[in-house]
Amino acid sequence: RRLSILDLSPTGNQPMLSADGRYALVMNGEVYNYKTLRAELESKGIHFRSSGDAEVVLYALAEWGKPALERFNGMFALAFYDSLEKKLLLARDHVGSKPLYYLTSPRGLVFGSQYNQLMAHPWARGLSTNQEALSLYLCFGYIPAPYAILENTYLLVAGCWLELDAGGKQSQG
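Note that the coordinates shown come from a computational prediction; the quantities given were computed from them, not determined experimentally.

Parameters at a glance
Residues numbered from 1 in each chain as written. Predicted model: local features only at pLDDT ≥ 70, side-chain atom pairs only at ≥ 80, totals over all residues. Heavy atoms only, no water. Helix = DSSP H or I, 4+ residues; strand = E, 2+ residues; numbered from the N terminus. Rg over C-alpha atoms; globule rule 2.2 N^0.38 Å. Buried < 20%, exposed > 50% of the residue type's maximum accessible area, 1.4 Å probe, protein only. Contact = heavy atoms within 4.5 Å. Areas by Shrake-Rupley, 256 points an atom, 1.4 Å probe, with all protein chains shown as cover. Lys, Arg positive; Asp, Glu negative; His and termini not counted. Charge placed at Lys NZ, Arg CZ, Asp CG, Glu CD. Pairing = 2+ DSSP bridges. Axes fitted to C-alpha atoms, helices over the stretch in contact; angles between N-to-C directions. Salt bridge = Lys/Arg side-chain N within 4 Å of Asp/Glu carboxyl O. Polar contact = N/O pair within 3.5 Å; in protein donor to acceptor, adjacent residues only side chain to side chain. Parallel < 35°, antiparallel > 145°, perpendicular 65-115°, else oblique. Left-handed = near helix turned anticlockwise from the far one by under 90°. Nonpolar A, V, L, I, M, F, W, Y, C, P; charged D, E, K, R; others polar.

**Overview of the overall build of the protein chain**
Logical step 1: Within the protein chain, the regular secondary structure consists of 4 helices and 9 strands.
Logical step 2: In sequence order, the secondary structure elements of the protein chain are arranged as β-β-α-α-β-β-β-β-α-α-β-β-β.
Logical step 3: A compact globule built from 173 residues should have a C-alpha radius of gyration of about 16 Å, and the protein chain, at 17 Å, falls within 12% of that.
Logical step 4: Scored against the burial criterion, the 173 residues of the protein chain give a buried share of 40%.
Logical step 5: When contacts within the protein chain are restricted to residue pairs at least 6 apart in sequence, long-range pairs at least 24 apart make up 48% of them.
Logical step 6: As displayed, the protein chain offers around 9,500 Å² of accessible surface, 53% of which is attributable to carbon and sulfur atoms.
Logical step 7: Here the protein chain contributes 16 positively and 16 negatively charged side chains, and the mean placements of these two sets differ by 4 Å.

**Here we look at the sheet that holds strand S5 (residues 101–105)**
Paired through backbone hydrogen bonds, the strands of a sheet run either parallel or antiparallel to each other.
Logical step 1: One open sheet accounts for 3 strands, arranged S6-S5-S7; its pairing is antiparallel. This sheet does not close on itself; its edge strands, each paired only once, are strand S6 (108–112) and strand S7 (153–155). Each neighbouring strand pair of the sheet contributes to a mean axis angle of 20°, computed without reference to strand direction.
Logical step 2: Judged from the 3 bridges that link them, S5 and S7 form a sheet pairing that is antiparallel.

**A look at the side chain of Arg92**
Logical step 1: Looking at the element boundaries, Arg92 is found in strand S4 (residues 87–92).
Logical step 2: It turns out Arg92 is buried and unbridged, and the closest side chain with the opposite charge, Asp93, is 5.4 Å from it.
Logical step 3: A distance of 2.8 Å separates a polar side-chain atom of Arg92 from the backbone oxygen of Lys98.
Logical step 4: Within the local environment of Arg92, its side chain forms a polar contact with the backbone oxygen of Leu156, the two atoms lying 2.4 Å apart.
Logical step 5: If we ignore the near neighbours within four places in the chain, the residues touching Arg92 are Phe76, Ala77, Ser97, Lys98, Pro99, Leu100, Leu155, Leu156, Val157, Ala158, Gly159 and Cys160.

**Quick notes on the packing of helix H1 (residues 34–43) against helix H2 (residues 53–64)**
Logical step 1: Two elements in contact, H1 and H2, have axes separated by 9 Å at closest approach and are oriented at 50°. Considering the angle they form, H1 stands oblique to H2. Where H1 crosses over H2, the handedness of that crossing is left-handed. Where H1 abuts H2, its residues Tyr34, Leu37, Arg38, Glu40 and Leu41 lie against Asp53, Val56, Tyr59, Ala60, Glu63 and Trp64.
Logical step 2: Of the residues contributing to the contact of H1 with H2, the split by class is 7 nonpolar, no polar and 4 charged.

This is the structure:
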């Protein structure tokens, strides 16, 4: 679920799909320079259905790939899926204003912008405390990324991305 601010119409709803259905995006936050990016994408022949930033982010990632992340000025956590390549991209803004937590399991991956969203998932049942994360908390009074309090759960580092393919291969940047 996402609070809509820029486009309150049904065309702004998420998950947002590209016109051909190949790409899907869910995003928490806002990209402030979306109008500039939108104009550039429109000059390339891309037509938009909505008036908000999420569709601009969707098509920017479809057009430019991961380098588009460097062009976003804002606070965001996002998941972008390419159904043809079978790849999922998770990313956070450069400052880390919006968190993005994820849980890895032999069954797959769960992600959310709040830790309790992961904990509500059935795959989180029975996870043990991550002793290294607990030590960091006792030392610093908080848990720094990429750690999280339970095993197999993580906080994506600010300004970073994680890409996963259908075979489970991960790459980070």
